[in-house]
Amino acid sequence: MARILTGIQSTNIPHLGNILGAILPAITQSQNHAHQSLFFIADLHSLTSIKDAGAIHRHTLSVAATWLAFGLNPENTWFYRQSRVPQVTELAWYLNCFTPYPMLANAHSFKDKSNRLSDVNAGLFTYPVLMAADILLYDANWVPVGKDQIQHLEITADIARSVNHRLQQDVFTIPEALINDHHALIPGTDGQKMSKSYQNYINIFLPEKELRQVINQQIITDSSLLQDTKDPNSNVICQLIELVAGTARANYTRQKLLQGGYGWGHAKTDLLQAILEIYAEPRQRYNYYMNQTTELETLLQKGEARAMAYAQLKLQQLRQALGYNG
Ligand code: TYM
């Protein structure tokens, strides 16, 4: 049975890029009953950037609520918090000792973060190794992710091959990234990659009024007059409508803009309406789960017990191979 695994960091409420790039493709895969799905909240990775206990706790709940809002079925999915299966940190140590330093020093996500952030800690540097441990601990075959994670998946596969080779046994399954070409790189309101680190993300769970404000204020449009014809490609509005609600709906707005007599404000309202309509149910379910944290806790603990049982066996096998048993 193929294993599908992916994680979302709890650094914020998941944004539209996380949802379209990872959560929805992962849930679609999980509906194939020939697969075993493992979806988790990467709350240990969050510590590389957040040191506030309250924020980590709140965001962990919101990532969990988002998974459930978009249809994760806890009956057939192992749904867990990374920090609650601490075997992953032991595995990360073993993997660290098989990871060449230059491989991490050259990782572009580290280079990018170390240029941008003031807190350049060692956790940020070894981030890809913990991610490799997340994946290799459970023998995942497929990892649905956005384009920004491709290099991390390559590093994971390299580490797995290296351990198998050095230990002369197939301890680890070699995983592959599962990338949906259309949704691999969702643009933010400024046209750059949508990211928590930039002020360009859309939180689709905001109340309508605040969501309208985000769309109106963050998407910068030219100063053409209402009657002017407009280039639909001069900003991301139509692209985002297409990603959320499909081509037909985006083409409607594109046509109107090309004809003239249709302002950027109208186009922004089209985007707002698309989000409110298409995500009406997930928005409701998200609020439901955010108010039912006891239910969330119970669901997660069930997933954590399943994940831990597997993790313990895997580590036993590895300890044996490394000479730490018996
Ligand atoms: P994170 O939380 O930064 O992102 C979660 C997922 O969302 C995808 N994503 C995007 N996809 C398309 N367009 C975007 N603009 C966009 N922004 C984010 C990311 O590619 C990712 O799939 N390192 C991971 C978390 C992680 C993980 C793992 C993932 C930890 N361990 C093991 C898979 C397997 C990350 O940065 O997530």
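To keep things clear, this report deals only with the structure shown in the data block. Positions within a chain are numbered from 1, following the residues in the order the chain's sequence is written. Restriction of local features to residues with pLDDT of at least 70 applies here, the model being predicted, together with a cutoff of 80 or more for giving and counting side-chain atom pairs; totals for whole chains, interfaces and linings are based on all residues. Remark: hydrogens and water are excluded; side-chain values derive from all non-hydrogen atoms of the structure.

## Details of the site of the ligand
We call a residue near a given molecule or strand whenever any one of its heavy atoms falls within 4 Å of it. Near the ligand there are 29 residues, and of these Tyr127, Asp134, Gly146, Asp148 and Ile186 occur at the shortest range. Residues adjacent in sequence count toward polar contacts only when both atoms are side-chain atoms; beyond that, a polar contact is any pair of N or O atoms within 3.5 Å, and within protein one must be able to donate a hydrogen and the other to accept it. Gly146 places a polar main-chain atom, nitrogen or oxygen, 2.9 Å from an oxygen atom of the ligand. At a separation of 2.4 Å, an oxygen atom of the ligand approaches a polar side-chain atom of Asp148. Coverage of the ligand by the protein amounts to 96% of the 710 Å² it exposes when considered alone. More than half of the atoms of the ligand fall within 2 Å of the grid points belonging to the largest pocket. The secondary structure listing takes helices from DSSP runs of H or I that are at least 4 residues long and strands from runs of E that are at least 2 residues long, numbered from the N terminus. Residue assignment for the shell around the ligand shows that the elements contributing at least two residues are strand E1 (2-9), helix H1 (16-30), strand E2 (35-42) and helix H8 (127-136). Class assignment for the residues of the shell around the ligand results in 14 nonpolar, 11 polar and four charged. Areas reported here follow the Shrake-Rupley algorithm with a probe of radius 1.4 Å; residue values treat only the protein chains shown as occluding. For cavity detection a 1 Å grid was placed over the protein atoms alone, and a set of points counts as a cavity when a 1.4 Å probe fits there but cannot get out; an open set counts as a pocket when protein lies on both sides within 12 Å along at least five of seven lines, with lining residues being those that have an atom within 4 Å of a point. Pocket or cavity membership: a molecule qualifies when more than half of its atoms sit within 2 Å of the grid points of that site. All amino acids are sorted into three groups, where Ala, Val, Leu, Ile, Met, Phe, Trp, Tyr, Cys and Pro are nonpolar, Asp, Glu, Lys and Arg are charged, and the leftover types, Gly among them, are polar.

## Here we look at the side chain of Ser195
Note that Ser195 resides in the loop between strand E5 (176-178) and helix H10 (208-218). A polar side-chain atom of Ser195 sits 3.0 Å from the main-chain amide nitrogen of Ser197. In contact with Ser195, not counting residues within four places along its chain, are His15, Asn200 and Tyr201. Only heavy atoms matter for contacts: two residues are in contact if any of them lie within 4.5 Å across the pair.

## Some remarks on the nonpolar core
Side chains of a nonpolar character, in soluble globular proteins, are inclined to be buried together. Within the largest apolar cluster, 55 residues are counted, with the highest numbers of intra-cluster contacts made by Leu16, Trp67, Phe70, Ile204, Leu240 and Ile275. A domain assignment, automatic or from a database, supplies the domain bounds used here. Counting only domains with at least three residues in this core, you end up with domain 1 (2-187 + 293-322) and domain 2 (208-278). Apart from the residues within four sequence positions on either side, Ile204 is in contact with Leu16, Ile19, Phe70, Leu211, Ile275, Tyr279 and Arg283. Nine residue types can take part in a nonpolar core, namely buried Ala, Val, Leu, Ile, Met, Phe, Trp, Tyr and Cys, and a core is a set of them joined through side-chain atoms within 4.5 Å. Classification of residues uses two cut-offs on accessible area relative to the type maximum, computed with a 1.4 Å probe and protein chains only: under 20% is buried, over 50% is exposed, and between them is partly exposed. The next biggest cluster of nonpolar side chains, apart from the first, holds 43 residues, and it includes Val88, Leu130, Leu153 and Ile155.

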